[in-house]
Amino acid sequence: MKTIDELLAEGVSGKRVFVRADLNVPLADGQITDDGRIRAVLPTVEALAGAGAKVIVASHLGRPKGAPDPAFSLLPAAERLGELLGKPVAFAQDTVGPAAHAAVDGLEPGQVAVVENLRFNPGETSKDDAERATFADELAALADVYVGDGFGAVHRKHASVYDLPARLPHYAGYLIATEVGVLKKLTDEVQRPYAVVLGGAKVSDKLGVIDNLLEKADRILIGGGMVFTFLKAKGYEVGASMLQEDQIPVVQEYLKRAEEKGVEFVLPVDVVVSGGFPDLKAKEPTHPDTVPADAIPAGQMGLDIGPATAELYGAKLADARTIFWNGPMGVFEHPDYAGGTRAVAQALLDSPAFTVVGGGDSAAAVRLLGFDENAYGHISTGGGASLEYLEGKTLPGLAALED
């Protein structure tokens, strides 16, 4: 995999460089609520522009249905990119049409343009190879060189991620090079003890990564909505908590395998419960209770790990040399149920380990709860991509950058 440093050494002045970024930022009423993914691509864009390239930044945002939808326009992301760069960024209101060509043709060396949401074109996400290839051909006409730097999309076999690199000289941007280096430290170059903290809503989303980590991790700590399937698998009643009944046999098998392999599986000893799901907009107090994990009352819903569990998890992370965390411990968006997630975030900071926050809601939680992002070893920009890499899967977007 060639890197952007090799491209810069070859010279890019005056060349049109297509940067596949991940500007898939959360929006509320048209305003960006977390610009972490935009900031993550800045080093690549700045280096290329600084070397005199004509930089074309492209990304998806959300899940439009293969047609233009103003709710998913990249315009707010383009404006924020311009603010962070400290200079104007041109914006094309289409992806490969006249506006895109006009924006690119109007670039002087060192200038930057953003084209509209790639998923406004059905060819971007099509499962039909020919349809994707046609769109990739149209994208290739905009540029001389391809730089892949949208780590959050490399697990997708999409036109701009998988097909386009084959049509242009291709290189990995700084973000992708960093992410791959970090993931190797979680798979091939692990310092032990290696502790993994997994949370989030659905256990089914994490089965693949648990399966693979049973061969690699020393300790796996479970929280979030997915924990109640584990508790049920141990024979506990979980009240009205989130439960994937169909996954119980798989979870029981994993618990058995962990015991056989000497992998420590750590589950909550207490849980914060309430009579219903909280209003995340109003964030009014909900009067939660803390109960033992094996005594959740009927009709009560588990919404966070309890304080005794938070203390336990902190102790289990204290001596680790490598920690990977993916998924919040509870409904961290509401102050009544943010304690567990806050405790895990703090435990990573207190640990001397190499710490990786695995993107998605975990990264959002770190920012929302006011932690210093730079104090962690690495905060990933791609939750799904990180998990699939740790599952041992081949990621199409990384394979496409290899020669």
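Preceding this paragraph is the structure being described.
One structure accompanies this document, and this report is about it. Keep in mind that this is a model prediction, so the values were computed, not measured.

1. So, the sheet that holds strand β11 (residues 264-266)
Sheet strands pair via backbone hydrogen bonds, and the direction of the pair is either parallel or antiparallel.
Moving on, step 1. Spatially, 6 strands are ordered β11-β10-β9-β15-β16-β17 in an open sheet, and the strand pairing comes out parallel. Edge strands, defined here as strands with exactly one partner in the open sheet, are β11 and β17 (378-379).
Moving on, step 2. Alignment of strand β10 (residues 219-222) against β11, held across 3 bridges, turns out to be parallel. From the neighbouring strand, Ile220 faces β11, where its bridge partner is Phe265.
Moving on, step 3. On the sheet, helix α12 (residues 339-350) packs against β9 (194-198), β15 (322-326) and β16 (354-357) and is oriented at approximately 155° with respect to β15.

2. Points about the packing of aromatic side chains
Moving on, step 1. Applying the stated criterion across every chain yields a total of 2 aromatic pairs.
Moving on, step 2. Ring centres of Phe18 and Tyr146 lie 6.0 Å apart, and the angle between their planes is 15°; on these two criteria the pair is classed as stacked. Of this pair, Phe18 sits in strand β1 (residues 16-20) while Tyr146 sits in strand β7 (residues 145-148), placing them 128 residues apart in sequence.
Moving on, step 3. The ring of Phe354 carries the charged tip of Lys185 above its face, separated from the ring centre by 4.6 Å.

3. Some remarks on the sheet that holds β1
Moving on, step 1. If you trace the 6 strands from one edge of the open sheet to the other, you get β5-β6-β4-β1-β7-β8, paired in parallel fashion. A strand with exactly one partner marks an edge of an open sheet, and here the two such strands are β5 (90-92) and β8 (170-172). Averaged over neighbouring strand pairs, the angle between their axes works out to 25° when direction is ignored.
Moving on, step 2. Relative to strand β6 (residues 112-115), strand β4 (residues 54-58) is paired through 3 bridges, and the arrangement is parallel. Counterpart to Ile56 in the pairing with β6 is Ala113.

4. Comments concerning the pairing of β9
Moving on, step 1. β9 sits mainly inside the fold: 5 of its 5 residues count as buried.
Moving on, step 2. What you see with β9 is no split at all: Tyr194, Val196 and Leu198 on one side and Ala195 and Val197 on the other are buried throughout.
Moving on, step 3. Here β9 pairs with β15 via 5 bridges, running parallel. Each bridged residue has a counterpart across the sheet, and for Val196 the counterpart in β15 is Phe324.
Moving on, step 4. Pairing of β9 with β10 involves 4 bridges; the strand directions are parallel. Bridge assignment links Val196 to a residue of β10, and that residue is Ile220.
Moving on, step 5. The parallel pair β9 and β10 is bridged by helix α8 (residues 207-213), and the resulting crossover is right-handed.

Definitions and limits used
Residues numbered from 1 in each chain as written. Predicted model: local features only at pLDDT ≥ 70, side-chain atom pairs only at ≥ 80, totals over all residues. Heavy atoms only, no water. Pairing = 2+ DSSP bridges. Helix = DSSP H or I, 4+ residues; strand = E, 2+ residues; numbered from the N terminus. Contact = heavy atoms within 4.5 Å. Axes fitted to C-alpha atoms, helices over the stretch in contact; angles between N-to-C directions. Phe/Tyr/Trp six-rings, centres within 6.5 Å; stacked < 30°, edge-to-face > 60°. Lys NZ or Arg CZ within 6 Å of the ring centre and 35° of its normal. Buried < 20%, exposed > 50% of the residue type's maximum accessible area, 1.4 Å probe, protein only. Right-handed = clockwise from strand over helix to strand, strands pointing away.

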